[in-house]
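# Coordinate inspection notes
Single-letter residue listing:
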Protein chains: 2
Amino acid sequence: MDTYRFIEGGITAPKGFKAGAIYCGIKSKKKEKPDIAILYSEEKAVCAGMFTTNKFAAAPIIYCREIVKTGSAQAILINSGNANAATGTLGLENTRKLAQCTGDHLGLQADDVFVCSTGVIGVQLPMEKMLNAVKDIVPTLSADNGPSIARAIMTTDTVPKEISFELELSGGTIRIGSMAKGSGMIHPNMATMLAFVTTDASISQEVLQGMLKKAVDKSYNMMTVDGDTSTNDCLLLLANGMSGVEVKSEEDIKKFYEAIEYISMEMAKKIAADGEGASHLIVVHANNLQTQDDARKVARAVAGSNLFKCAIFGQDANWGRVISAAGYSGAEFETGKIDVALESKAGKIDVMLEGAGLAFDEEKAATILKEKDIYVHLDFHDGEECATAFGCDLTYDYVKINGDYRS
Amino acid sequence: MDTYRFIEGGITAPKGFKAGAIYCGIKSKKKEKPDIAILYSEEKAVCAGMFTTNKFAAAPIIYCREIVKTGSAQAILINSGNANAATGTLGLENTRKLAQCTGDHLGLQADDVFVCSTGVIGVQLPMEKMLNAVKDIVPTLSADNGPSIARAIMTTDTVPKEISFELELSGGTIRIGSMAKGSGMIHPNMATMLAFVTTDASISQEVLQGMLKKAVDKSYNMMTVDGDTSTNDCLLLLANGMSGVEVKSEEDIKKFYEAIEYISMEMAKKIAADGEGASHLIVVHANNLQTQDDARKVARAVAGSNLFKCAIFGQDANWGRVISAAGYSGAEFETGKIDVALESKAGKIDVMLEGAGLAFDEEKAATILKEKDIYVHLDFHDGEECATAFGCDLTYDYVKINGDYRS
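I will try to describe carefully the structure that is included in this document. (Residues numbered from 1 in each chain as written. Chains lettered and ligands numbered in written order. Predicted model: local features only at pLDDT ≥ 70, side-chain atom pairs only at ≥ 80, totals over all residues. Heavy atoms only, no water.)

### A short note on the relation of the copies chain B and chain A
For the pair chain B and chain A, the best superposition has an RMSD of 0.0 Å and corresponds to a rotation of 180° with a translation of 0.0 Å parallel to the axis. Here the symmetry operator amounts to a two-fold rotation axis. Across chain B, the smallest distance between a C-alpha and the rotation axis is recorded for Tyr 396 of chain B, namely 2.6 Å. Here 100% of the interface residues in chain B have copies in chain A that are interface residues too; the copies meet face to matching face. (Least-squares fit on C-alpha atoms with pLDDT ≥ 70 in both. Contact = heavy atoms within 4.5 Å.)

Right, dumping it as structure tokens:
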């Protein structure tokens, strides 16, 4: 990726973005790690968002959908430890109160403030603690806090997930930063993939929202840790224009979109690789099907198959499970032309050719599957549409993490 | 179930059915437990069948679909250890050869013989061993062997699954027997739920096939161990008429259908309860939705949620995961009217009322969730359609069984 000049700073790398996080006791039984954070832009930013399709969308999701419709925003309040989901009218009122309070302290309107929550479902937010925390965070906001708020939003994540780089457009240099959290449904009874993107480019809201949808369909929507779509999944993008560089020409829009897609793919891969209990990232390429929908179905079914996930955990080149998952994916294809191969940085091995299993070197397969990142290639020779899905293996630790009692 | 007089005998309880099984070495690396079996009817039987929808249907599935179309059959050859799936033209030829050989030894036409296989995918059948085995089994066929062939078809199943009873119809007493195997995808790289039903009732093929489809939709198709639809799933029903009792009047057809539905539900429940590594059976009732499709979607999503399955393993009343799964099931419903309760023989506890979480007695919940069979009740108060799904918890042992190397 020579196009991107990677830089430090994460979510606050783009010009004019600041952040801060503190511990306020939402996760009362955990050690005192930050559980509430603010991301702030010095100037009002064009915004775009993508949200969970779960019918039990949490209060903050309902609220953020409204804010995206206004087309602009200037701050995001984020808490972990409580998802504010299944909390009824009071839950939504609380979200609005938090936005109002954050706006007051930052000198903004309430509807310039997004609110994102992740944590236990069905419990009301500890409002007093949170309102006090907002007041305490505001004076600490700093452009140096990108990496630290990427850590603050972690729950069962084992590594912070962030990325930032510079990109040359016709009008000059812009910066893009991103951070995300999520590794399954996180804390028991919890939800959520939260992802944030910032940029100092100047771009129209309409173009931005269209780009975000397209990029999310290729990345976050092709990622599966356990097949459970949370009540709180949320991706927000703020473009504050402070670089003074406009994204307007066809070529710049293409470049900028590619950057958004790249960042989304990278973050999705990071989340899948850090899936709860995961020991392997699984990347599935379903190639050369007749429709994009078929390619997506196959890639997601293989990446999501519990049986195949267990096989990868066991480092077993169990290609029968790959084709079985493709077979029940609902995709249309001819079964007699498929090639299947497994790959990692240790090498590549063909396991199926033209729909029939191959005798392969089990030792070589074992060496390949010892690596952390495993690539599965399915070639259907039945069209030109391709899709990629991201998943992880299913391990004892996944069961342990999610079988543990909530309290 | 006063309607049914339970009897011994299993699959060979109905008049005129005989069975036999031996070890022939298909599973060469396992201890010598029977791996090939024959079920035989003294008279030609009307037949019905339901098969996997997986696009990679195995050779025996392709073959059995043809036989069902003939409307009658008299024997079923069953092997474990090799699924004869992804084996191309040779695989299908081998299935036909086995049918021919079985027919020859039993004095039947090849197309009176079903062939069912379960086991490793992508490896050709050891034909010589199997052809010899057929010859050896035929002289051992006996009406007493029902329970022993229910054991012979077990793989990672921990208990044999069989049921048999008598039913009074207007023309006299008939018997129905059933056996099944399946607990996930069984042996690594393996497939398959296989289920068989026999009856000595006399009934038209058309009526029988219609009944079977309807019963399977309510039972086997509502059962999920790991979401992986195998390449070899197969349910066959033989009705040989040897009781001399016809199922013809509307009332008798109704009674007989209810018996087929009952037996299918019971067997589905047994399979789910014996799911790979399972410590709990999970029965999900989705009640009072607007359409049957919605009710089925909700019940299956909840029973299939990895997160909820882990919670039940951990004996955690994690109702957030129940509604989250309902929310992403794709079903249409109002979120504000839902009641959720958890139940076992130790009692019942309400955890959600009218869409909002309840403060409940955690101790009572823990006592309820200690039991083996857990019932989840969702009432949507939004229609009259109800559906039930059967699943099991997700445990360390599931991962262990499916992460183990194939050989």
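### A few points about the nonpolar core
Judged by nonpolar contacts, the single largest core of 97 residues is most densely connected at Val 298 and Leu 378 of chain A together with Phe 114 and Phe 196 of chain B. Broken down by element, the residue count for this core peaks at 8 residues, all from strand β3 (residues 36-51) of chain B. In this structure, Phe 114 of chain B is in contact with Cys 47, Tyr 63, Cys 64, Ile 67, Val 68, Ala 73, Ala 75, Ile 76, Leu 77, Leu 236 and Leu 238 of chain B, ignoring residues within four places of it in sequence. Of all hydrophobic cores here, the second largest spans 96 residues; its members include Leu 98 of chain A together with Ala 301, Ala 365 and Leu 369 of chain B. (Core = buried A, V, L, I, M, F, W, Y, C linked by side-chain atoms within 4.5 Å. Buried < 20%, exposed > 50% of the residue type's maximum accessible area, 1.4 Å probe, protein only. Helix = DSSP H or I, 4+ residues; strand = E, 2+ residues; numbered from the N terminus.)

### Some remarks on the pairing of strand β14 (residues 373-379) of chain B
The pairing of strand β10 (residues 281-289) of chain B with β14 of chain B spans 7 bridges and is parallel. The residue of β14 of chain B that forms the bridge with Ile 282 of chain B is Ile 374 of chain B. (Pairing = 2+ DSSP bridges.)

### Thoughts on the pairing of strand β11 (residues 339-344) of chain A
Residues and elements named next belong to chain A. Among the 6 residues of β11, 5 are classified as buried, and the element is accordingly described as predominantly covered. Here β11 runs beside strand β14 (residues 373-379); their pairing, made up of 5 bridges, is antiparallel. Note that in β14 the partner of Glu 343 across the bridge is Tyr 375. Where β11 meets strand β12 (residues 347-353), 5 bridges bridge the pair, whose relative direction is antiparallel. Residue pairing for β12: Ser 344 is matched across the bridge by Gly 347. What sits between β11 and β12 in their antiparallel hairpin is a turn of 2 residues.

### With respect to the sheet that holds strand β12 (residues 347-353) of chain B
All names here are of chain B. The strand order across the open sheet formed by 6 strands is β13-β12-β11-β14-β10-β15, and the pairing between neighbours is mixed. Only two strands of the sheet have a single partner each, and these edge strands are β13 (356-357) and β15 (385-392). Strands β10 and β15 of the sheet are contacted by helix α6 (residues 250-273), whose axis makes an angle of about 35° with β15. (Axes fitted to C-alpha atoms, helices over the stretch in contact; angles between N-to-C directions.)

### Looking at the interface of chain B and chain A
Contacts between chain B and chain A engage 57 residues on the former and 57 residues on the latter. Summing both sides of the interface, chain B and chain A together bury roughly 4,700 Å²; the carbon and sulfur share of this comes to 57%. Of all residues in chain B, the largest losses of buried area upon contact with chain A belong to Lys 55, Phe 56 and Leu 307 of chain B, amounting jointly to 16% of the total for that side. Put simply, chain B and chain A have 2 salt bridges between them. The salt bridge partner of Lys 55 of chain A is Glu 332 of chain B, with a shortest N-O separation of 3.1 Å. Mapped onto the side of chain B that touches chain A, the elements with two or more residues apiece are α8 (306-313), α9 (319-328), β13 and α11 (396-403) of chain B. (Buried area = accessible area lost by both parts, 1.4 Å probe. Salt bridge = Lys/Arg side-chain N within 4 Å of Asp/Glu carboxyl O.)

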